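Next come the chains, spelled out residue by residue.
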There are 2 protein chains.
Amino acid sequence: MTTESAFINILRGFAKDPAARGLLDDAAVVEIGDSCLIITHDMMAEDVHFKSNANPADVAWKLVASNLSDLAAKGASPIGVLLGFMLGDDDWDRAFAAGLEKVLGHYGVALLGGDTVSNRGDKRALGLTALGIAANRPVPSRAGAQVGDILYVTGTLGDALAGFELIDAGFDEVGPLADAFNRPQARLAEGQKLAPFVHAMMDISDGLLIDAERMATASRLGIEIDLACIPLSPAYVSYRTDSLESRMQAASWGDDYELLFCAPADARLNVDATAVGRVIAGGGLTLRNGDELVKLPPTLGYQHH
Amino acid sequence: MTTESAFINILRGFAKDPAARGLLDDAAVVEIGDSCLIITHDMMAEDVHFKSNANPADVAWKLVASNLSDLAAKGASPIGVLLGFMLGDDDWDRAFAAGLEKVLGHYGVALLGGDTVSNRGDKRALGLTALGIAANRPVPSRAGAQVGDILYVTGTLGDALAGFELIDAGFDEVGPLADAFNRPQARLAEGQKLAPFVHAMMDISDGLLIDAERMATASRLGIEIDLACIPLSPAYVSYRTDSLESRMQAASWGDDYELLFCAPADARLNVDATAVGRVIAGGGLTLRNGDELVKLPPTLGYQHH
């Protein structure tokens, strides 16, 4: 089995167009006339990204929201999506279509086209392409962080993790934690407001620690994160308690789709966000818990296989 | 199992943006500033569009060419593609990547991004999104044919059918017929030249008869095709003979990816193409063989399930 990183390394050998950003960024950035198009394609697979018994409307929601989150990280306004769909069970497909209509309506995004194939009894794999227009130039990237910058996240972390565990254990699926897992919010408004003054920005799809490390690598600098500063929701704390362990877990789990960004220390934020660390000289990730250095966990976040 | 047409009918209920063209066209047409973006997403599935033992480089070629063919039908210049890929066997994946590099190099198209998932032993389903810029306004569509227009096709028809049969029977895979099936050509140059003066244009992906019927329906007129005029290659004739039956088969088989277009009777063509029929009042498809009316076959072309 080829790993994702090995395959992408092969593709990187010929994906030399600057718009591809070395296949290292959340989305491609294509200059068209006076406009700057942002385009991304993300897939979701049964038994990898969603369970066979998941609500199809939730799958539709997450497929759209996770793609729009990549546009949010570029400060883009979404235009529309194209769907790659595997036809299967009639009820599932209809429920998916109804959920797709709902999530596209929620974000005011058009369905522009796509294609279908029959799934012939295999596990479903769905793809979505999302198009947007950058509201600001230069378009934020993962690179660009500067020593002295403060590292921020929007919202709270760990809720999707807790929601996944609750759903997995058969608990009520309609609470805020389950919602965080099933129906993540793409931070489009925040991304558009932040784009003009961030030095670097990305969405947290695989976990704060692994995504912060990617930002550090792309920026060729180090990032220090203080676990004591990680924003947790009351629901998360009530479910997992507030401990070093629960903070570490909230920081190493994906699916939050919050924005992670670096801004100068004297910048006045125009969105709600929490300072969780800072950009330092050197490289890689350093973890603290208040004044105390903390060893990096063996797994920083979700690694694609 | 939901049929493709039933599912697309549901989607059509909310895909109301004009750019989506009612999900009836080969590609979406998005106005961005002064530019007109053409975007399409087509999938290919193992055992539906390609065999498990197909050459992975051929699969890559066809995935790209079939998407670029949709851009060709819009008279667009391609910009780049995004790949949705199922990771599996290492050798297959590497051969696919090498083929992808080759076909993108052939067309001068950039790989901009995409996503991968592991295929967990399932049959492969691959998706490609292709982006282009329209060279001409208005952008050609399937609608717009006018009574008295001549119907043309580029190239020859049926070669992909013959190639498929030869490959299926275990014959040599490197002949021109096998190439027509494995490595179709997207008619990009022809599409760009034709766009300024055609009344309607599309690519023949599912078969001349079914696609001409779609053009007739979209244009709310009738189309009459003369089977005696259908362009056949020497290789096709040598393999299948030249008979009414072999002409009917060449006209009802997909995968040719030639352009089908209507132009005024007095238009001077600026590309090589063959007149195969004309646009008439009424609706639907009428078939002739010279002076003789011919009954429509039970299946006009490839119907997606």
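Throughout, residues of each chain are indexed from 1 in the direction in which the sequence is written. Whichever chain is written first is A, and whichever ligand is written first is 1; the rest continue in order. Local features are withheld for residues below a pLDDT of 70 in this predicted model, meaning they are given only at 70 or higher, and side-chain atom pairs are given and counted only at 80 or more; totals for whole chains, interfaces and linings count all residues. Hydrogens and water molecules were not included; the side-chain quantities draw on all heavy atoms of the structure.

### Section: unusual backbone geometry
- Backbone torsion omega between A:Arg137 and A:Pro138 reads -10 degrees, so that peptide bond is classified as cis.
- In this description a helix means any DSSP run of H or I spanning at least four residues, a strand means any run of E spanning at least two, and both kinds are numbered starting from the N terminus. Looking at the secondary structure, you find A:Pro138 in the loop between β5 (125-134) and β6 (150-153).
- In this structure, B:Arg21 takes a positive phi of about 50 degrees despite not being glycine.
- Within the secondary structure, B:Arg21 sits in the loop between α1 (4-12) and β1 (28-32).

### Brief notes about the side chain of B:His41
- For B:His41, the location among the structural elements is in strand β2 (residues 35-45).
- Note on classification: 1.4 Å probe, protein chains only; a residue is buried when its accessible area is under 20% of the maximum for its type, exposed when over 50%, partly exposed between these limits. Accessibility expressed as a relative area gives 2% for B:His41, which makes it buried.
- Here a polar contact is taken to be a pair of N or O atoms separated by no more than 3.5 Å, where protein atoms must pair a possible hydrogen donor with a possible acceptor and residues adjacent in sequence count only if both atoms sit in side chains. In this structure the side chain of B:His41 is engaged in a polar contact, spanning 3.2 Å, whose partner is the backbone oxygen of B:Leu128.
- Residue contacts follow a heavy-atom distance rule, with two residues in contact if any of their heavy atoms lie within 4.5 Å. The contacts of B:His41, once residues within four sequence positions are left out, are A:His41, A:Leu82, A:Leu83, A:Gly84, A:Gly114, A:Asp115, A:Thr129, B:Asn67, B:Gly127, B:Leu128 and B:Thr129.

### Comments concerning the interface of chain A and chain B
- Taken together, the contact between chain A and chain B spans 64 residues of the former and 64 residues of the latter.
- In total, about 5300 Å² of surface goes out of reach between chain A and chain B, with carbon and sulfur atoms giving 73% of it.
- Its largest share of buried area at the contact with chain B, chain A owes to A:Phe7, A:Phe14 and A:Met43, together 12% of the area lost on that side.
- Here a salt bridge means any side-chain nitrogen of Lys or Arg lying within 4 Å of a carboxyl oxygen belonging to Asp or Glu. There are zero salt bridges connecting chain A and chain B.
- For the pair chain A and chain B, the number of links is seven residue pairs in polar contact (both at pLDDT 80 or more).
- Listing elements by their share of the side of chain A that touches chain B, those giving two or more residues are α1 (4-12), β1 (28-32), β2 (35-45), β3 (76-87), α3 (90-107), β4 (110-118) and β5 of chain A.
- The residue classification treats Ala, Val, Leu, Ile, Met, Phe, Trp, Tyr, Cys and Pro as nonpolar and Asp, Glu, Lys and Arg as charged. All others, Gly included, are polar. Residue composition of the side of chain A that touches chain B, grouped by class: 34 nonpolar, 15 polar and 15 charged. We define buried area as the total accessible area lost by two parts upon association, computed with a 1.4 Å probe and summed across both.

### With respect to the packing of helix α2 (residues 56-72) of chain B against helix α3 (residues 90-107) of chain B
Residues and elements named next belong to chain B.
- Inter-axis angles, ranging from 0 to 180 degrees, are taken between N-to-C directions of lines fitted to C-alpha atoms, where helices are fitted over the stretch in contact. Their axes nearest at 7 Å, the elements α2 and α3 cross at an angle of 40 degrees. Compared by their axis directions, α2 and α3 come out oblique. Considering how the two elements wind past one another, α2 and α3 form a crossing that is right-handed. Each of Pro 56, Ala 57, Val 59, Ala 60, Trp 61, Leu 63, Val 64, Ala 65 and Leu 68 in α2 lies in contact with α3, whose residues at this interface are Trp 92, Ala 95, Phe 96, Gly 99, Leu 100, Val 103, Leu 104, His 106 and Tyr 107.
- By residue class, the composition of the contact of α2 with α3 is 16 nonpolar, two polar and no charged. The labels follow the angle: roughly parallel below 35 degrees, roughly antiparallel above 145, roughly perpendicular from 65 to 115, and oblique for the rest. Crossing chirality is assigned from the near helix's rotation relative to the far helix, an anticlockwise turn below a right angle marking it left-handed and a clockwise turn marking it right-handed.

### Thoughts on the sheet that holds β2(B)
- Two strands are counted as paired when DSSP detects at least two bridges linking them. Reading across from one edge, β1-β2-β5-β3-β4 (chain B) is the order of the five strands in this open sheet, with mixed pairing throughout. On the outer flanks of this sheet lie β1 and β4 (110-118) of chain B, each paired with one strand and no other. If you compare each strand with its neighbour and ignore which way they point, the axes differ by 20 degrees on average.
- Two elements, strand β3 (residues 76-87) of chain B and strand β5 (residues 125-134) of chain B, share eight bridges in a ladder whose sense is antiparallel. What sits directly across from B:Val81, in β5(B), is B:Ala130.
- Its contacts with the sheet put α1(A) on β3 and β4 of chain B, and the angle it makes with β3(B) is roughly 155 degrees.

### A few points about the relation of the copies chain A and chain B
- Least-squares fitting of one copy onto the other uses the C-alpha atoms of those residues that reach a pLDDT of at least 70 in both copies. Superposition of chain A onto chain B requires a rotation of 180 degrees combined with a translation of 0.0 Å along the rotation axis, giving an RMSD of 0.0 Å. Such a combination of rotation and displacement between the chain copies is what one expects of a two-fold axis. Identified as the residue of chain A closest to the rotation axis by C-alpha distance is A:Asp122, at 2.9 Å.
- A share of 100% of the interface residues of chain A reappears at the interface of chain B, consistent with the copies meeting face to face through the same patch.

### With respect to the domain arrangement of chain A
Residue and element names in this part refer to chain A.
- In terms of domain boundaries, chain A breaks down into domain 1 (4-134) and domain 2 (150-294).
- The C-alpha-based centres of domain 1 and domain 2 are spaced at 22 Å.
- Taken together, the 23 residues of domain 1 in the interface contact 19 residues of domain 2.
- When domain 1 packs against domain 2, the two sides together hide about 1700 Å² of surface, and 51% of this comes from carbon and sulfur.
- For the interface between domain 1 and domain 2, the tally reads three salt bridges.
- For the salt bridge of Lys 62 with Asp 255, the shortest nitrogen-to-oxygen distance reads 3.6 Å.
- Summed over the shared surface of domain 1 and domain 2, the result is nine residue pairs in polar contact (both at pLDDT 80 or more).
- Among the elements of the structure, α2 (56-72), β3 and α3 are those that each provide at least two residues to the side of domain 1 that touches domain 2.
- In terms of residues, the side of domain 1 that touches domain 2 owes the most to one element, α2, which gives 11 residues.
- Tallied by class, residues from the side of domain 1 that touches domain 2 come to 10 nonpolar, six polar and seven charged. For each domain, the first and last residues come from an automatic or database assignment.

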